[in-house]
Amino acid sequence: GGSGVETKPELQRVLESRKRDQLIRQRKQEEEARRKISPLEAELLKRHMKLEEVRAQNQGELDQL
């Protein structure tokens, strides 16, 4: 068929559309995450900081030995 009009297979169109939607959604999520962190994330962050603090203290005590 030499119609000259390049038509993509339906599946490829759907996949590209989904990929684009996913990228858009991902960007939105990242934006929201930057704007506000959830209470869960805040708690995890707090615990992580506490762990790092304890680890640093332990390391300091080990260095003194």
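Coordinates for the structure precede this section.
Here goes a summary of the coordinates provided. Predicted, not measured: the structure shown is a model, and the values here were computed from it. (Residues numbered from 1 in each chain as written. Predicted model: local features only at pLDDT ≥ 70, side-chain atom pairs only at ≥ 80, totals over all residues. Heavy atoms only, no water.)

### Digging into the overall build of the protein
Counting its secondary structure elements, the protein contains two helices and zero strands. By the compact-globule yardstick of 11 Å for 65 residues, the protein is too spread out, its C-alpha radius of gyration being 25 Å. Counting across all 65 residues of the protein, residues that qualify as buried make up 0%. On the protein, roughly 6700 Å² of surface is accessible, and the fraction owed to carbon and sulfur atoms is 54%. The average position of the 15 basic charges and that of the 13 acidic charges among the side chains of the protein differ by 7 Å. (Helix = DSSP H or I, 4+ residues; strand = E, 2+ residues; numbered from the N terminus. Rg over C-alpha atoms; globule rule 2.2 N^0.38 Å. Buried < 20%, exposed > 50% of the residue type's maximum accessible area, 1.4 Å probe, protein only. Areas by Shrake-Rupley, 256 points an atom, 1.4 Å probe, with all protein chains shown as cover. Lys, Arg positive; Asp, Glu negative; His and termini not counted. Charge placed at Lys NZ, Arg CZ, Asp CG, Glu CD.)

### Remarks on the pattern of salt bridges
One side chain can pair with another of opposite charge once the charged atoms of both are near each other. All chains considered together, the criterion is met by five salt bridges. Here Glu10 makes a salt bridge to Arg13, at a shortest N to O gap of 2.4 Å. With a gap of three residues between them, Glu10 and Arg13 both fall in helix H1 (residues 10-35), about one helical turn apart. A salt bridge links Arg55 to Glu52; the nearest nitrogen and oxygen atoms lie 2.9 Å apart. Of this pair, Arg55 and Glu52 both sit in helix H2 (residues 39-64), three residues apart, which is roughly one turn of that helix. We classify Glu52 as partly exposed; its relative accessible area is 33%. Sharing partners across several salt bridges, the network here consists of Glu43, Lys46 and Arg47. (Salt bridge = Lys/Arg side-chain N within 4 Å of Asp/Glu carboxyl O.)

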